Structure formats: C-alpha cells, structure tokens
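One letter stands for each residue in the lines below.
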Amino acid sequence: MSDLRRSALAAAETTAGHLAAVPAGPVWRPVGDDDRAWLTRQQLPAAGRPLDDLLTDVRERVLPYPMGNGHPRFFGWVNSPPSPAGVLVAPLAAALNPSCAGGDHAGALLERTAVRWLAELVGFPHPPGAGLLTSGASLATVVAMATARQHALRRAGHDLRETGLYGHEPLAVYVSAEGHSCLRKAAELLGLGNRYVRTVPVGPDHRMDTAALRRLVLADAAGGVRPFLVAASAGTVNTGAVDPLDDIADAAREHGLWFHVDGAYGALGVLADGARPRYAGMERADSLALDPHKWLGVPVDAGCVLFRDPAGPRDAFSLVPPYLRDEGADALGWFSEYGPEQTRPFRALRVWATLSHLGRDGVVRLVRHTTGLARTLAAMVGDADDFELLAPAATSVVAFRHLPADAAGPAAADALNDALPAAVQRRGRAFLTGTRLSGRPVLRACVLHPDTTEADLGVLLDEIRAAAKEATA
Ligand SMILES: *Cc1c(COP(=O)(O)O)cnc(C)c1O
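Predicted model, so just to flag it, every value in this text is computed and none were measured. (Residues numbered from 1 in each chain as written. Predicted model: local features only at pLDDT ≥ 70, side-chain atom pairs only at ≥ 80, totals over all residues. Heavy atoms only, no water.)

Novice: Would you mind going over the pairing of strand 10 (residues 433–437) with me for this structure?
Specialist: Regular strands place side chains that alternate from one sheet face to the opposite one. Note that strand 10 and strand 11 (residues 440–446) share 5 bridges and pair antiparallel. Along strand 11, the bridge assignment pairs threonine 433 with arginine 444. Hairpin connection of strand 10 to strand 11: 2 residues between the antiparallel strands, including serine 438 at a positive phi of 50 degrees. (Pairing = 2+ DSSP bridges. Helix = DSSP H or I, 4+ residues; strand = E, 2+ residues; numbered from the N terminus.)

Novice: Which parts of the structure should I look at to understand the side chain of arginine 350?
Specialist: Secondary-structure assignment places arginine 350 in helix 12 (residues 347–383). The class for arginine 350 is buried, based on a relative accessible area of 9%. A polar atom in the side chain of arginine 350 sits 2.6 Å from the backbone oxygen of proline 299. Other than its neighbours up to four places away in sequence, arginine 350 contacts Gly86, Val89, Ala90, Val298, Pro299, Val300, Asp301 and Ala302. (Buried < 20%, exposed > 50% of the residue type's maximum accessible area, 1.4 Å probe, protein only. Polar contact = N/O pair within 3.5 Å; in protein donor to acceptor, adjacent residues only side chain to side chain. Contact = heavy atoms within 4.5 Å.)

Novice: How should I be thinking about the nonpolar core in this particular structure?
Specialist: The nonpolar side chains of a soluble globular protein tend to be buried, and buried together. Of all hydrophobic cores here, the largest spans 64 residues; its most connected members are Val122, Leu213, Val230, Phe259, Leu268 and Met282. For this core, the element with the most residues is helix 12, which contributes 8 residues. Both domains that furnish three or more residues to this core are identified here as domain 1 (92–355) and domain 2 (361–472). Residues Ala148, Cys182, Leu332 and Phe335 belong to the second largest nonpolar core, which totals 34 residues. (Core = buried A, V, L, I, M, F, W, Y, C linked by side-chain atoms within 4.5 Å. Domains from an automatic or database assignment.)

Novice: Sorry if this is basic, but what is going on with unusual backbone geometry here?
Specialist: Negative phi characterises most residues that are not glycine, and trans characterises most peptide bonds. With an omega of 5 degrees, the peptide bond between valine 300 and aspartate 301 qualifies as cis. In this structure, aspartate 301 sits in the loop between strand 6 (287–290) and strand 7 (303–307). Backbone geometry at tryptophan 77 places phi at a positive 35 degrees, although glycine is not the residue there. Secondary-structure assignment places tryptophan 77 in the loop between helix 3 (51–62) and helix 4 (84–96). Taking relative accessible area as the criterion, tryptophan 77 reaches 41% and is therefore assigned partly exposed.

Novice: What is the right way to look at the domain arrangement of the protein chain in this model?
Specialist: Many analyses report the size of an interface as the accessible area lost when the parts associate. The assigned domain composition of the protein chain is domain 1 (92–355) and domain 2 (361–472). For domain 1 and domain 2, the distance between their C-alpha centroids amounts to 31 Å. In this complex, domain 1 contributes 22 residues to the contact, which on the side of domain 2 involves 23 residues. Between domain 1 and domain 2, the buried area comes to about 1,700 Å², and carbon and sulfur atoms account for 61% of it. Summed over the shared surface of domain 1 and domain 2, the result is 1 salt bridge. Taking the shortest distance from any N to any O, the salt bridge between aspartate 273 and arginine 368 comes out at 2.8 Å. On the surface where domain 1 and domain 2 come into contact, there are 9 residue pairs in polar contact (both at pLDDT 80 or more). (Buried area = accessible area lost by both parts, 1.4 Å probe. Salt bridge = Lys/Arg side-chain N within 4 Å of Asp/Glu carboxyl O.)

As structure tokens, this is what we get:
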C-alpha cells in the first residue's frame, strides 16, 4: 500500500473517531503549556517527516484542543459543527485541488449549482451568474459594497475604476446600531470613510428604525453627502433580530439607495415555522450575503453573496489580462470577474455535499429544530427567577442575563455577567459568549447544532449558575 493510501485510511478512522467522541468530551479545554509551545513555537524540520508521523501529531497535539463548536453544548458566537457530508468531501476537494477562478471543470461548474440552491432555499431571485461563494460574509460584504459603489458612481457619471473616489462627494452608508462589524470594515476598506457610515438607531425590538433612516438620508442629501447604500440585517448577532426589510426596501427605492441585506447568520431563518412574513422584503435586496458555514454547517470556509443583477459585480471586478483570457468561456465568464479572488478554492463541493445530504427537508428540519430550541431556552430563561430575558428569540439566538438573588446591585450584576462567559467556558461543560446590548453586558446563546437537546439547555443554565457561585465565592 502506498504511504498516502495507508495514512488516508488512518486519517479517515481518526476523523470518524474524533467526531464520535466529541459529545462525551469537554466542550473546550485550555491548551497545556507544552502543547502551546509546540503549536506556536516549533521549528521547521530540516528533513521532511513521514505522513504517519504527522497524523500522530494531529491526534496528540491538535485534536484535543477544539474551539468547541463541534459540541452540542456549544452556544458561542455563530459557529456550527461541521456537516458530515462536508467533512466527507473536503479531502476530495483537496485531492482535485482546482482553482475555481473559472474554466471548464467540475469545480467551477458545480459552484453554479451550489449558489443557485442557496438562492432558491432563501427565496432570492437568481438569474444565472448572479452570485458567488466567498470566504465568508465579510468578503461577501466587500464584494456587495464594492459593486454598489461602482453602480452608484457609474450612474453619477464618475469613473471610479479609473480615478477612484478622488473628486467625488462622500458616499453615505446606513447601518443599524445592531449591524455586524463587517459592514463598517467593508466601508473602511473601500475608502468610504467611517465618518460617512451612519448608525441608524434601533427600536426597543433591536430592529432598524426606518423613520430614523429616512431622516438621516434626507439630512445627508441636503448637506452635500450622497446617500448610497443601506445595509439591513436578516438576523443580528446579538439578538437574531430581523430588520423591517420591506420598509427598508421601500425607503431604499424612494431615495435611490442600494439595498443590501446581511443574512450571514439568519437568512435561512426564513425557513422556520411562521417566519416568512418577518423576512418579507429580503427578496427585494440588490445584494444578499449569507454564510453556508453558519447555520448549514458547511465546514469553514463558505460564504456567499447573491445579486439581483449579475452585471453589477462584473462591472465592478472584471479585469481580464491576456494570460487569463479564456476564449472558450461561456457568456457568464469566470468567477474571478465577479470578485477580488483569482485562485479560488473548491468551496462548492462542501456546499453541494451538505445540501444534497440534508435535502431541502433536512435544511428545514435543522432550522426548525434550532429555532424551536432557542424559543424553549427563552421560555426557560423567562420562567426562572434568577434569569432575565432581554429579547424574544427571533431566530436561534437568545440574549439574557443572570441575576442571582444575592447579587449586590446593578453594578455587581453587570460585572458578573461580564465575567460569566469565560467562567462557563473554563468549566468545560457548556460554551457561551457575551455581548453588550444597550450598553449592558449580557449573555447570548446561539443554537446551531442539530444534536443539541432540551436537556443541554438545562445544563447550560445550571452551568451559568454554578459558574456564578464560583465567581462570587
Ligand atoms: C458571521 C457574520 C458575519 C461575518 O461573516 P464571516 O463569515 O465571519 O466573514 C456578518 N454578519 C453576521 C450577522 C454574521 O453572523
């Protein structure tokens, strides 16, 4: 047997064994000193080592220290466990190792299907070519915002690609106070300037205040700043809130704004029971970012950006030097004409495999299961005397606070809730993270794991109580 065959079979055993053992292990554990030194400071060996030895290192030094998101009691940030189908095909994508910049091969062709399936799942119109896979929603947002910038300046008769933003009046971006940081980061990166990223206030429900949006837009238009893009959220990180997308779409149309929707985490929430009306208007977006590596569990990395019109991103990004010109390309051209990446990984295989394995019904079941558990957790929190629910569970995120009876006033309660996530993580039986909501430290739990149960939610609350006792002892 060749080295690769023997080692690959062993790697498959290790992979399956690791995944099977995850639920019984700690969710997270601190990295030991010796292993930390190995992970961060080892020297490049002069002589190469056999494949089997590398596997031993991975087994002993890498697999024992997961981030935690494979575990059914991981409730941190927005990180899912890997889908089995995605794990299965990841080595095959590596074995084929194409660049999905474009060309006539399975990698580039399958991306057409993967992107179309994502659009169909969330009910977004999909003319051929109107979307691509990215490293994540951060890059999807850069692609969307760059496309919007090009679109706005072309309409204004300004040649952005030739002269940059020089000589053009400032362009204003509107983002809610609960919008993801990647929106601001994209605006900064694209030279739009943080000063012109307007923070639109949210209502008590943490959704964008559309009346305030209109007021900000009118004030800018009257003050020499050109309003150009509004970014709404379909599922915020803090509370899972879905902005009033239809109203925002109306405002965008009235004021000639590009309408972008950040559905990185929450776009799939449209598939939950009764959720569709809350997402009305998402299908009116000019661009929609969503992350298959969030709710769907496609192994990292897999983001996606969808467009209403495929001509937009191509106008913003297409730059084909003679050595890349492909006379055989179809009318859509190459993916690399629609975004900043040239060599692109075969993300589509993991997305396709995950969706094929789940089927549409499986995706709906996953979204229903996790949103149902979030509602259950919200009810448990609401019923408990020592917890306070801060927002209804709109998608699969629950934002709450722990208020033990012996807490010594509001400042102590703030300090406790600030300290709790790390304290819970260290105990290793559950993992959650914190955030700030209206300036106060709060706990938030995001449910994404298909195997999480109601019993796991009870463990989470008990772990928070135990960690609080430890912290105050
Ligand atoms: C995760 C997330 C992002 C950023 O996406 P990446 O895939 O991490 O780049 C943006 N918006 C929301 C709502 C998210 O949950």
